[in-house]
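Here are the chains, one letter per residue:
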Amino acid sequence: MSALNAPYFHDDDKARLHLESIRWPNGPVCPHCGSMTAPYALKGKAHRPGLLKCVDCREQFSVTVGTVFERSKIPLSKWLTVAYLMTSSKKGISSHQIHRTLGVTYKTAWFMTHRIRKAMEDGGSGMLGGAGTSGIVEADETYWGKSKGSDRARRYREKQKVVALVERKGRVRAYHVPTVTAETLKPILDGQISAKARLMTDSAPLYGKIGLSFASHETVNHLAGEYARGDVTTNTVEGYFGILKRGLSGIYQHVSPEHLHRYVGEFSFRYNNRSALGIEDAERARNVLKGIEGKRLTYRQPDEAQKN
């Protein structure tokens, strides 16, 4: 049976109960005052299903209050469907495809996907390459987008830059950066990678001084045709970039610089919740729904970003 036949993808009451079980596994928590005292349900024609009232602060709330779904008029079952489609598609799913599949407007689909990307944001807890991991972190940068002219330096200067830190057999953290220099990358690597980790990069000079902050800094020389030497390689981070670029070019095609960080975060979320780590589609979708709390994204925010 298709996973999309699950009742909560078709029935809004079941969708609400499903979301409540994920957000409140131990019972409702008031988003206004944090009270865990059991609230009481408001019933009757004047109240929508799932509306609760806190016995301490007397405020009303539902499972969507204080989340990326708050004040949305889109049926909750459609929200859960979009979350599943975005988390189960390795290279993503376009807003146009969501628009056609769910029968919503393109603007609605575009905004829904950005809200789900907001829920995918990683708080970045813990240092990469620390205790309990492989201890190896690969770092590299890539360039994406169009550029004018044929001058090599100009092409790299005009393209968008993304740096990624990949923990061997573990997590990734990736960032859209304005420039690729030692001054730009050092605070990122120092802030995200354990000092006890083995850092592996290509032979780009900018990593020279940065590498001194770690237990070791080992490189491969791509210019000399060297891509692996024992366990020293950057193939893992380059594999992540391969998925990212195929998704950006093949699925999304047009991504503005203002929103690139959201798409990078989406690919990082799926990588950090991949099958190789024992996380399959259903659990991956649950994990993104766990990330909806404490985050808001309004129509005005993406529109302003687009204008800027």
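Preceding this section is the structure that the text describes.
A closer look at the state of the cysteines
Then, in step 1: Taken as a whole and judged by the stated rule, the model has zero disulfides.
Then, in step 2: Of the cysteine sulfurs around C30, a residue in no disulfide, the closest is that of C57, at 3.7 Å.
Then, in step 3: Here C33 stays unpaired: no disulfide links it, and the sulfur of C54, its closest cysteine neighbor, is 3.7 Å away.
Then, in step 4: Given the relative accessible area of 42%, C33 is considered partly exposed.

Structural notes on the sheet that holds strand β5 (residues 160-167)
Then, in step 1: Read across the sheet, five strands follow the order β6-β5-β4-β7-β8 without closing on themselves; strand pairing throughout is mixed. The open sheet has two edge strands with one neighbour each: β6 (172-177) and β8 (216-220). For this sheet the average axis-to-axis angle between neighbouring strands, irrespective of direction, equals 20°.
Then, in step 2: Here eight bridges tie strand β4 (residues 136-144) to β5, and the two strands are oriented antiparallel to one another. Opposite W144, over in β5, you have Q160 as the bridge partner.
Then, in step 3: Sitting on the sheet, helix α8 (residues 235-252) touches β4, β5 and β6, and the angle it makes with β4 is about 30°.
Then, in step 4: Sitting on the sheet, helix α9 (residues 260-272) touches β5 and β6, and the angle it makes with β6 is about 170°.

A short note on unusual backbone geometry
Across residues other than glycine, the phi torsion is negative in most instances, and most of the peptide bonds are trans.
Then, in step 1: At R58, a residue that is not glycine, the phi angle is positive and equals roughly 70°.
Then, in step 2: Topologically, R58 is positioned in the loop between β2 (52-53) and β3 (60-61).
Then, in step 3: Among the residues examined, R58 registers a relative accessible area of 45% and is labelled partly exposed.
Then, in step 4: One non-glycine residue, Q253, adopts positive backbone phi at about 65°.
Then, in step 5: Take Q253: it is sitting in the loop between α8 and α9.

Side note on the sheet that holds strand β1 (residues 40-41)
Then, in step 1: The strand order across the open sheet built from three strands is β1-β2-β3, with neighbouring strands paired in antiparallel fashion. The sheet terminates laterally at β1 and β3, the two strands that pair on one side only.

A look at helix α3 (residues 95-102)
An α-helical turn contains 3.6 residues, so a residue and the one three or four places further along point in the same direction.
Then, in step 1: Those residues of α3 that fall on the buried side of the exposure criterion are S95, I98 and L102. Considered in projection along α3, the buried side chains sweep an arc of 55° and stay on one side of the axis.
Then, in step 2: On its buried side, α3 packs onto α2 (76-88) and α4 (106-119).
Then, in step 3: Backbone geometry just after α3 places G103 at a positive phi near 75°.

A few points about α2
Then, in step 1: Over its 13 residues, α2 runs 18 Å from end to end, which matches the ideal 18 Å to within 8%, given 1.5 Å per residue.
Then, in step 2: Summarising burial for α2: 11 of the 13 residues are buried, a large majority.
Then, in step 3: Within α2 the residues assigned to the buried category are L76, S77, W79, L80, T81, V82, A83, Y84, L85, M86 and T87.
Then, in step 4: Residues of α2 that are buried in the fold lie against α1 (12-23), α3, α4, α9 and α10 (281-290).

Quick notes on the pairing of β6
Then, in step 1: Judged from the six bridges that link them, β5 and β6 form a sheet pairing that is antiparallel. Bridge pairing links V166 to V172 in β6.
Then, in step 2: Taking the residues that link successive antiparallel strands as the turn, the β5-β6 hairpin has four residues, and the phi of K169 there is positive, at about 60°.

Topic: the packing of aromatic side chains
Given two aromatic rings, their pairing is described by the distance between the two centres and the angle made by the two planes.
Then, in step 1: Within this structure, the stated rule accounts for eight aromatic pairs.
Then, in step 2: Ring centres of Y240 and Y271 lie 5.6 Å apart, and the angle between their planes is 85°; on these two criteria the pair is classed as edge-to-face. Of the two residues, Y240 sits in helix α8 while Y271 sits in helix α9, which places them 31 residues apart along the sequence.
Then, in step 3: By relative accessible area, which is 1% here, Y240 ends up buried.
Then, in step 4: Residue classification places Y271 among the buried positions, given a relative accessible area of 12%.
Then, in step 5: Geometrically, the ring pair formed by Y252 and Y263 is edge-to-face, given 4.9 Å between the ring centres and 65° between the ring planes. Separated by 11 residues along the polypeptide, Y252 in helix α8 and Y263 in helix α9 bring together distant segments of the chain.

Calculation rules
Residues numbered from 1 in each chain as written. Predicted model: local features only at pLDDT ≥ 70, side-chain atom pairs only at ≥ 80, totals over all residues. Heavy atoms only, no water. Disulfide = S-S within 2.5 Å. Buried < 20%, exposed > 50% of the residue type's maximum accessible area, 1.4 Å probe, protein only. Pairing = 2+ DSSP bridges. Helix = DSSP H or I, 4+ residues; strand = E, 2+ residues; numbered from the N terminus. Axes fitted to C-alpha atoms, helices over the stretch in contact; angles between N-to-C directions. Contact = heavy atoms within 4.5 Å. Arc of directions from axis to C-beta. Expected span 1.5 Å × (residues − 1). Phe/Tyr/Trp six-rings, centres within 6.5 Å; stacked < 30°, edge-to-face > 60°.

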